[in-house]
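# Structural characterization, general
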Amino acid sequence: MKKHALTTNEAADLLGFARTSVINWVEKGELKSFLTPGGHRRFEMEDIHAFAQKRGIQLEGVAESKLELSRVLVVDDDQDFRQFSLETLELAGNFEVKEAVNGIEAALITGSWKPNIILLDLHMPQMNGYEFIDQLRKDEQFKGIKIIVLTAYADEETRAKVGDVHDLICKPIGIKDFVSKLRDLSK
């Protein structure tokens, strides 16, 4: 897991002030922030510490573990679903997300990035989800990765073919259920 930039709410909690105070400091140029590609404000821990020290603010002891991200790899050839996943998890916070369009690309990313969770579609070109699961299970270093299979075909035959995965989610899925399942798995 990797440390991540804080959301506005996390920065406010850490500083012990209201969210609006944090936004006002940013707008006045007193507190440094940046925008994500999705247009959401984020704060680096170093900038929060520097701001707090300059202002004599005692940081409210937020546990560092709360500031860690679960790495999620979204593997799906459907651009709309990948975009939904990226935006939803960005808003939810606590997730660092990468995407792949097929099993081959997913295997390359998994080898170098080591995600904690893989959201995996089954029906993709080149290397499908079934083949990807088979390849992943052959390597001991990837045993700890949690796999969530995403499919529109969540019947008993599909369940049997994917074998031992952490969850099988039927598409489409609502945002609340989607985030809840990922948060539960990232604990």
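Figured I'd write up the structure that's included with this text. Just so you know, these numbers come straight off a predicted model, no measurement behind them. (Residues numbered from 1 in each chain as written. Predicted model: local features only at pLDDT ≥ 70, side-chain atom pairs only at ≥ 80, totals over all residues. Heavy atoms only, no water.)

### Considering unusual backbone geometry
How we decide: Helix and strand assignments come from DSSP, with helices taken as H or I runs of at least 4 residues and strands as E runs of at least 2, each series counted from the N terminus. Note on classification: 1.4 Å probe, protein chains only; a residue is buried when its accessible area is under 20% of the maximum for its type, exposed when over 50%, partly exposed between these limits.
Located in the positive-phi region is Lys-114, a residue other than glycine, with phi close to 55°. With respect to the helices, strands and loops of the structure, Lys-114 is situated in the loop between α5 (103–113) and β6 (117–121). Here Lys-114 falls in the partly exposed class, since its relative accessible area comes to 36%. One non-glycine residue, Gln-126, lies in the positive phi region at around 65°.

### So, the nonpolar core
To keep it simple, the criterion reads: Here, nonpolar core means buried Ala, Val, Leu, Ile, Met, Phe, Trp, Tyr and Cys residues that are tied together by side-chain atoms lying within 4.5 Å of each other. Contacts are assigned to residue pairs with any non-hydrogen atoms lying within 4.5 Å of each other.
By size, the foremost hydrophobic cluster in this structure holds 22 residues, and its most contacted members are Leu-73, Val-75, Ile-118, Leu-120, Val-149 and Val-162. Residue assignment for this core shows that the elements contributing at least two residues are β4 (68–75), α5, β6, α6 (129–137) and β7 (146–151). Considering each element in turn, this core owes the most residues, 4 residues, to α6. Aside from chain neighbours lying at most four places away, what touches Val-149 is Leu-120, Leu-122, Ile-133, Val-162, Val-165, Asp-167, Leu-168 and Ile-169. Core analysis: the second largest hydrophobic core is formed by 16 residues, Val-72, Ile-117, Leu-150 and Ile-173 among them.

### Considering helix α4 (residues 79–92)
Put simply, the test is: By this rule the span expected of a helix is its residue count minus one, scaled by 1.5 Å.
Its 14 residues give α4 an end-to-end C-alpha distance of 20 Å, which sits within 8% of 20 Å, the value for a rise of 1.5 Å per residue. Along α4, the residues that are buried comprise Phe-81, Arg-82, Ser-85, Leu-86, Thr-88, Leu-89 and Ala-92. Where α4 ends, the next residue or the one after it, Gly-93, has phi of about 75°, a positive value.

So far we have only geometry, and geometry alone does not tell us how the molecule works.
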